[in-house]
Amino acid sequence: MSSGYVFFTGASCALLLLAAAKLAISYRDQPAGRWLLLLLTGVICYLLHPVLPSLGGADVLIDLPTAVIPGTFWLFAHLLCRDSEAFPRWGWALIALDVTTNISVSNLDSHAWPALHEWLYLLKQPLQLALLGAGLVTLLRHYQGDLVASRRRLRAALLIAVGSYMLLVVCAEFLFSYQPIPAGVPTLHAVFASLLAMAACLWLLALSPGALAESLPQAGDTGEAQEQPAAIAPEPLDEMQRQLLQKLQAHMESGGYRHTGLTIRELAEQLHAREHVLRALINRHLGYRNFNAYLNRFRIDEASARLANPEQAHLPVLSIALDIGYRSLSPFNAAFKRRHNQTPTEYRREQLPD
């Protein structure tokens with residue numbers, strides 16, 4: 001390895017160790033913080049792997065943290081965006097398959113098992129891309145509905161910088177497995193990783209030290225608590241904001257929330273308001289951190305009333321869910337249970353006993 005590669009790799013690892021120390025001290029009690037710490041550990045091992053001598057059987061200590069990077073990225077993205085929902089079981093199975101494949105490729109004797117090694121290597125890249133892609137899709141799907149400015153910036157950084165970087169690395173590894181690596185590419189990679197680590201540390205530790213604290217869900221937070229508005233002192237409103245708040249409340253009380261797939265951008269267009277102004281109003285004045293939580297307040301209120309109404313006892317639960325804006329029964333059941341700690345069917349049975 002060239003001296004330039006070793007220098008910039010060392011610089012990257014030093015910066016990432018600084019960020020990891022901050023995470024271990026401040027966020028070790030938060031599940032998302034622990035997964036992010038594991039992700040940083042994996043990246044450090046990945047960067048150090050080419051410059052470390054072979055440790056024989058102990059190489060697995062470097063291979064394992066590296067192998068879990070894609071899965072850990074998806075898990076962190078899930079906790080960051082959908083912490084009130086359980087991680088899918090099939091996702092765990094996919095992560096386990098990816099880790100097993102990675103470890104096998106790294107430790108299987110390619111001379112003794114050439115065909116098996118080739119098939120495992122070909123399987124490794126799609127699995128990694130699938131896990132990274134799942135994490136990016138999770139971030140992208142929930143970026144629009146996030147009302148907290150610092151969290152939106154963090155998710156944008158993860159989408160643009162970290163996610164894109166890891167996808168590029170996986171694709172480059174696959175490409176250069178079948179042709180020589182051009183001179184200077186490893187050093188360029190180390191320089192880019194160093195700049196990315198420096199930017200992350202500068203932002204999270206100096207320019208915006210509260211971004212992680214604001215973004216990571218707290219340990220012990222329940223889905224029900226996250227659906228409720230935060231107990232904050234409302235900010236004073238100027239006349240324009242007061243008028244927008246009145247329009248918003250009138251629009252929602254008249255059933256504006258029933259529009260299926262309603263986004264905050266569409267709502268801003270309906271109210272003839274600027275999206276960032278509406279976003280700040282719902283977050284800073286009404287106390288909601290997520291737009292879907294704000295919508296669920298109105299939707300579950302209506303669903304609760306209709307489920308308790310004897311005149312609508314004949315209506316299927318699915319019909320009510322579709323009427324109030326849900327695309328399917330599953331998200332409605334989840335939101336309803338977070339509010340009432342029981343399913344819609346159980347709630348109706350309790351409210352309308354035979």
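Because the structure is a prediction, the values reported are computed rather than measured.

Trainee: Describe the state of the cysteines, listing the residues and the values that go with them.
Mentor: One pass over the full model with this rule turns up zero disulfides. Cysteine cysteine 13 remains unbridged, with the sulfur of cysteine 45 as its closest cysteine sulfur at 8.6 Å. Judged by relative accessible area, which is 6%, cysteine 13 ranks as buried. For cysteine 45, a relative accessible area of 11% corresponds to the buried category.

Trainee: So what about the side chain of threonine 101? Which residues, and what values?
Mentor: Within the element layout of this structure, threonine 101 appears in helix H5 (residues 89–107). Residues within four places of threonine 101 in sequence aside, it is in contact with Leu120, Leu123, Lys124 and Leu127.

Trainee: Pulling in residues and values, what's your account of helix H7 (residues 149–175)?
Mentor: When the terminal C-alpha atoms of H7 are compared, their 38 Å separation across 27 residues agrees well with the 39 Å that a helix rising 1.5 Å per residue should span. Along H7, the helix axis deviates most sharply at leucine 158, where the bend reaches about 35 degrees.

Trainee: Outline the packing of helix H6 (residues 114–143) against H7, supporting the account with residue identities and numerical values.
Mentor: Between H6 and H7, the least distance of the axes is 10 Å, while the angle of their chain directions is 165 degrees. Judged by the angle between their axes, H6 and H7 are roughly antiparallel. By crossing handedness, the relation of H6 to H7 is classed as left-handed. For the pair formed by H6 and H7, the contact residues are Tyr121, Leu122, Gln125, Gln128, Leu129, Leu132, Leu136, Leu139, Leu140, His142 and Tyr143 on the first element and Arg152, Arg155, Ala156, Leu158, Leu159, Gly163, Met166, Leu167, Val170, Cys171, Glu173 and Phe174 on the second. In terms of residue class, the contact of H6 with H7 is built from 16 nonpolar, four polar and three charged.

Trainee: Explain the environment of histidine 259 to me, using residue names and the numbers behind them.
Mentor: Of note, histidine 259 is situated in the loop between helix H11 (239–253) and helix H12 (264–270). Of the residues examined, histidine 259 reaches a relative accessible area of 39% and is grouped as partly exposed. Setting aside its immediate chain neighbours within four residues, histidine 259 contacts Glu266, Arg299 and Gly325.

Trainee: Let's hear about the side chain of lysine 124: which residues, and what values?
Mentor: Relative to the helices and strands, lysine 124 is located in helix H6. In this structure lysine 124 touches Asp98, Thr101 and Asn102, once residues within four positions along its chain are discounted.

Trainee: Account for the nonpolar core, with residues named and values stated.
Mentor: Nonpolar side chains in soluble globular proteins tend to be buried together. Leu16, Leu47, Phe73, Leu80 and Leu139 are the most contacted members of the largest nonpolar core, which totals 33 residues. Elements supplying a minimum of two residues to this core: helix H1 (3–26), helix H2 (31–48), helix H4 (69–82), H6, H7 and helix H8 (185–207). The residues contacting phenylalanine 73, other than those within four sequence positions of it, are Leu39, Leu132, Gly135, Leu136, Leu139, Leu158, Val162, Gly163 and Met166. In terms of nonpolar packing, the next biggest core, distinct from the first, is built from 21 residues, Leu248, Tyr257, Tyr294 and Phe298 among them.

Trainee: Talk me through the pattern of salt bridges; I want residue IDs and the actual numbers.
Mentor: Close approach of charged atoms lets side chains of opposite charge pair. Inspection of every chain in the model, using the stated rule, returns seven salt bridges. Between glutamate 275 and arginine 265 there is a salt bridge, with the nearest N and O atoms lying 3.2 Å from each other. Here the residue glutamate 275 occupies a position in helix H13 (residues 275–285), and arginine 265 occupies one in helix H12, the gap between them amounting to 10 residues. One network of salt bridges, with partners in common, ties together Arg258, Glu302, Arg306 and Asp323.

Trainee: Tell me about the confidence of the model for the protein chain, residues and numbers included.
Mentor: In this model, the protein chain carries an average pLDDT of 81, and 87% of its residues clear a pLDDT of 70 or more. Summarising per-element confidence for the protein chain, the mean pLDDT is lowest in helix H10 (residues 223–227) (51) and highest in helix H15 (residues 317–323) (93).

How each quantity is defined
- Residues numbered from 1 in each chain as written.
- Predicted model: local features only at pLDDT ≥ 70, side-chain atom pairs only at ≥ 80, totals over all residues.
- Heavy atoms only, no water.
- Disulfide = S-S within 2.5 Å.
- Buried < 20%, exposed > 50% of the residue type's maximum accessible area, 1.4 Å probe, protein only.
- Helix = DSSP H or I, 4+ residues; strand = E, 2+ residues; numbered from the N terminus.
- Contact = heavy atoms within 4.5 Å.
- Expected span 1.5 Å × (residues − 1).
- Bend = angle between axes of the 7 residues up to and from the residue.
- Axes fitted to C-alpha atoms, helices over the stretch in contact; angles between N-to-C directions.
- Parallel < 35°, antiparallel > 145°, perpendicular 65-115°, else oblique.
- Left-handed = near helix turned anticlockwise from the far one by under 90°.
- Nonpolar A, V, L, I, M, F, W, Y, C, P; charged D, E, K, R; others polar.
- Core = buried A, V, L, I, M, F, W, Y, C linked by side-chain atoms within 4.5 Å.
- Salt bridge = Lys/Arg side-chain N within 4 Å of Asp/Glu carboxyl O.
- pLDDT = per-residue confidence, 0-100.

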